[in-house]
Amino acid sequence: MTRTRRGWPLIALLGVLSVLTVSPFAAMLVVALSPAGKPTLPVRWPDSLTLDNLTRVLSASGFVGWTVNSLVYALVSVVIILLTASMAGYAFAKKRFPGRQAMFWTFLATMMVPFQATLIPTFVLVNSLDGVDTFWGLIVPTLANSQAVFLMRQFILGLPDELFDAAKVDGASEWRVYWTIVVPLTRPVLATLGVFVFLWHWNDFLWPLVVGQSDATRTLTVGLTTLRTEEIQLSVLMASAAISVVPCLVVFFLLQRYLVNSIAMTGLK
């Protein structure tokens, strides 16, 4: 009973923080469901709610295309980054080769270089290869993710070496070791990293703004900013923002079980 009473202040604090965190999203949803042009939050609660704003956004000519472009940009990047980061993490964690540590720390040092510092050289390189306003020019420059490699390397370091030694004794190839040992055992951290990478690319703005110069490659984050330059009602803009959050929530709920397993396995380590 004493422990329960002591825990009430922490529970109350977490409840207040949860309410403060959810409040902006709730306000965005209320404004999105409010009739266009009517006074609403923060002035007063709307008299009625409607789905007209959501219907108007979904029927807009550019919104669906921007959403598809964002999905392609995010999903392709997730698949390639998880594949390359897990391979590189396995090599840095369990393989012995000359210059391994120097290569790893040099690669890790790129985390300290802000993307804005390399934006112009990257754009010049992509432009010289005719990659501007193309999907490969949008995706390829973002695939070298040192944070993903670091997370995978640190997780794979905790895997017992006996598993890999036994696989080598049985004559397993490097690809089979990777596919049958590394991938299954790193599934929780792969799911966690996949959520992060998806959110990074789904919400990415600067690079898609520079490279995607037409509706054919324009992502949702860039497209929504173009709506602000037009005479668009606030409720319609909030409806488009609310719809853009849906894929992030879907990805989180689909991979929530793996996120919990990742935290549990980290604690056991």
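Residues numbered from 1 in each chain as written. Predicted model: local features only at pLDDT ≥ 70, side-chain atom pairs only at ≥ 80, totals over all residues. Heavy atoms only, no water.

(A) Structural context of the pattern of salt bridges. Per the stated rule, a full pass over the model turns up three salt bridges. For K94, the salt bridge is made with D161, and the minimal N-O distance between the two is 2.6 Å. Here K94 is found in helix α3 (residues 63–94), whereas its partner D161 is found in helix α8 (residues 161–169), with 67 residues between them in sequence. Exposure remark for D161: the relative accessible area of 39% places this residue in the partly exposed category. Notably, a salt bridge pairs R218 with D215, separated by 3.0 Å at the nearest N-O pair. With relative accessibility at 19%, the residue R218 sits in the buried group. (Salt bridge = Lys/Arg side-chain N within 4 Å of Asp/Glu carboxyl O. Helix = DSSP H or I, 4+ residues; strand = E, 2+ residues; numbered from the N terminus. Buried < 20%, exposed > 50% of the residue type's maximum accessible area, 1.4 Å probe, protein only.)

(B) View of the environment of V57. Counting through the fold element by element, V57 comes out in helix α2 (residues 52–58). Apart from the residues lying within four places of it in its own chain, the contact partners of V57 are F63, V236, A239, S240 and I243. (Contact = heavy atoms within 4.5 Å.)

(C) Spotlight on the packing of α8 against helix α9 (residues 174–185). Packing of α8 against α9 brings their axes to within 11 Å, and their N-to-C directions diverge by 160°. What the angle tells us is that α8 and α9 run roughly antiparallel. For the pair α8 and α9, the crossing hand works out as right-handed. Across the interface between the two elements, L163, F164 and A167 of α8 pack against V177, I181, V182 and L185 of α9. Here the contact of α8 with α9 is composed, by residue class, of seven nonpolar, no polar and no charged. (Axes fitted to C-alpha atoms, helices over the stretch in contact; angles between N-to-C directions. Parallel < 35°, antiparallel > 145°, perpendicular 65-115°, else oblique. Left-handed = near helix turned anticlockwise from the far one by under 90°. Nonpolar A, V, L, I, M, F, W, Y, C, P; charged D, E, K, R; others polar.)

(D) How the structure looks around the environment of L29. One can find L29 in helix α1 (residues 2–32). Sequence separation of L29 and A241 is 212 residues, and the distance between their C-alpha atoms is 9.0 Å.

(E) Spatial organisation of the nonpolar core. Counting 53 residues, the largest nonpolar core has M152, I156, F164, F198 and W207 as its most contacted members. Residue contributions to this core peak at eleven residues, all from α3. (Core = buried A, V, L, I, M, F, W, Y, C linked by side-chain atoms within 4.5 Å.)

(F) Representation of the packing of aromatic side chains in the model. Throughout the structure, instances matching the rule amount to eleven aromatic pairs. Note on F104 and F150: the rings are 6.4 Å apart at their centroids and 20° apart in plane angle, and the pair reads as stacked. Of this pair, F104 sits in helix α4 (residues 100–109) while F150 sits in helix α7 (residues 146–157); the two residues are 46 residues apart in sequence, bridging distant segments of the chain. The exposure class of F150 is partly exposed, given its relative accessible area of 28%. Ring centres 6.0 Å apart and planes at 90° place the aromatic pair F115 and W207 in the edge-to-face group. Of this pair, F115 sits in helix α5 (residues 115–128) while W207 sits in helix α11 (residues 206–211); the two residues are 92 residues apart in sequence, bridging distant segments of the chain. Overall, the relative accessible area of 31% leaves F115 in the partly exposed class. Under the relative-accessibility criterion, W207 is labelled buried at 1%. (Phe/Tyr/Trp six-rings, centres within 6.5 Å; stacked < 30°, edge-to-face > 60°.)

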